[in-house]
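Close look at the chain arrangement
Chain by chain, the residues:
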Amino acid sequence: MAKTKVEYNEIARAKVTDSRNIVISNCSKGGFTIAQQLEAKENGKTTSVFLKGAFHVDDIHGLYNIRDAINLAIKKAAEEDANDEADWDN
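Residues numbered from 1 in each chain as written. Predicted model: local features only at pLDDT ≥ 70, side-chain atom pairs only at ≥ 80, totals over all residues. Heavy atoms only, no water.

Okay, the side chain of Gln37 next. Inspection of the secondary structure puts Gln37 in strand S3 (residues 32-42). At 2.4 Å, the side chain of Gln37 forms a polar contact with the side chain of Arg13. If sequence neighbours within four positions are ignored, Gln37 has contacts with Arg13, Ser19, Arg20, Asn21, Val23, Ser48, Val49 and Phe50. (Helix = DSSP H or I, 4+ residues; strand = E, 2+ residues; numbered from the N terminus. Polar contact = N/O pair within 3.5 Å; in protein donor to acceptor, adjacent residues only side chain to side chain. Contact = heavy atoms within 4.5 Å.)

And the structure:
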């Protein structure tokens, strides 16, 4: 019995540090994966490596839930920053 090769089709990428990206891909077996990609630049060449520990999201509703969690984290972090700035004024 031959194994079916799992394929990933990148649908989104975001740079999160100077050398790391978050990559979201469709998975040929269904759902999505969210992986961390390391980019190393050396002698004018870029090498990209996907790190272990990618996680699977079953469907688009899971992506919506991740979006909502990120939006909430952004809102709370922005509020904390605003409070920290207000504290400096006192």
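From this point, the narrative continues.
Let us now look at the pattern of salt bridges. Side-chain pairs of opposite charge can arise whenever the charged atoms involved come near each other. Inspection of every chain in the model, using the stated rule, returns 4 salt bridges. Taking the shortest distance from any N to any O, the salt bridge between Glu39 and Arg13 comes out at 3.9 Å. Pair noted here: Glu39 is in strand S3 and Arg13 is in strand S1 (residues 8-15), with a separation of 26 residues, a long-range link. For Arg13, a relative accessible area of 40% puts it in the partly exposed group. Note that Glu39 is salt-bridged to Lys15, the shortest N-O span being 3.6 Å. Here Lys15 lies in strand S1 and Glu39 lies in strand S3, a separation of 24 residues in the sequence. (Salt bridge = Lys/Arg side-chain N within 4 Å of Asp/Glu carboxyl O. Buried < 20%, exposed > 50% of the residue type's maximum accessible area, 1.4 Å probe, protein only.)

What follows concerns the pairing of S3. Every regular strand shows the same layout, with side chains that alternate between the two sheet faces. Two strands pair when backbone bridges link them, and strand S2 (residues 20-27) and S3 are joined in this way by 7 bridges, in the antiparallel orientation. Residue pairing for S3: Asn21 is matched across the bridge by Gln37. Taken together, S2 and the strand that follows it, S3, pair antiparallel across an intervening segment of 4 residues, in which Gly30 is found at a positive phi of about 110 degrees. As defined by bridge partners, S3 adjoins strand S5 (residues 55-57) across 3 bridges and the pair is classed as antiparallel. Note that in S5 the partner of Ile34 across the bridge is Phe55. (Pairing = 2+ DSSP bridges.)

Before going further, it helps to examine unusual backbone geometry. In the Ramachandran plot, Asn43 falls in the positive-phi region, its phi being about 50 degrees despite a non-glycine side chain. Tracing the sequence through the fold places Asn43 in the loop between S3 and strand S4 (45-50). The exposed category is assigned to Asn43, whose relative accessible area is 77%.

Moving on, we come to a negative patch on the surface. On the surface, Glu79, Glu80, Asp81, Asp84 and Glu85 cluster together into a patch of negative charge. Within the element layout of this structure, Glu79 appears in helix H1 (residues 60-89). (Patch = residues over 30% accessible without salt bridge, like charges linked within 9 Å, V, L, I, M, F, W, Y side chains within 5 Å. Areas by Shrake-Rupley, 256 points an atom, 1.4 Å probe, with all protein chains shown as cover. Lys, Arg positive; Asp, Glu negative; His and termini not counted. Charge placed at Lys NZ, Arg CZ, Asp CG, Glu CD.)

Time to look at the layout of surface pockets. Taken as a whole, the largest pocket encloses approximately 170 Å³ of empty space. In terms of lining, the largest pocket is formed by Ala12, Arg13, Ala14, Ile22, Ile24, Ile34, Phe55, Leu63, Ile66 and Ile70. Listing elements by their share of the lining of the largest pocket, those giving two or more residues are S1, S2 and H1. For the lining of the largest pocket, a count of residues per class yields 9 nonpolar, no polar and 1 charged. (1 Å grid on protein atoms, 1.4 Å probe; cavity = no way out; pocket = protein on both sides within 12 Å on 5 of 7 lines; lining within 4 Å. Points joined across faces, edges and corners; volume = space filled by probe spheres on them. Nonpolar A, V, L, I, M, F, W, Y, C, P; charged D, E, K, R; others polar.)

The quantities given are spatial measurements derived from coordinates; they are silent on function.
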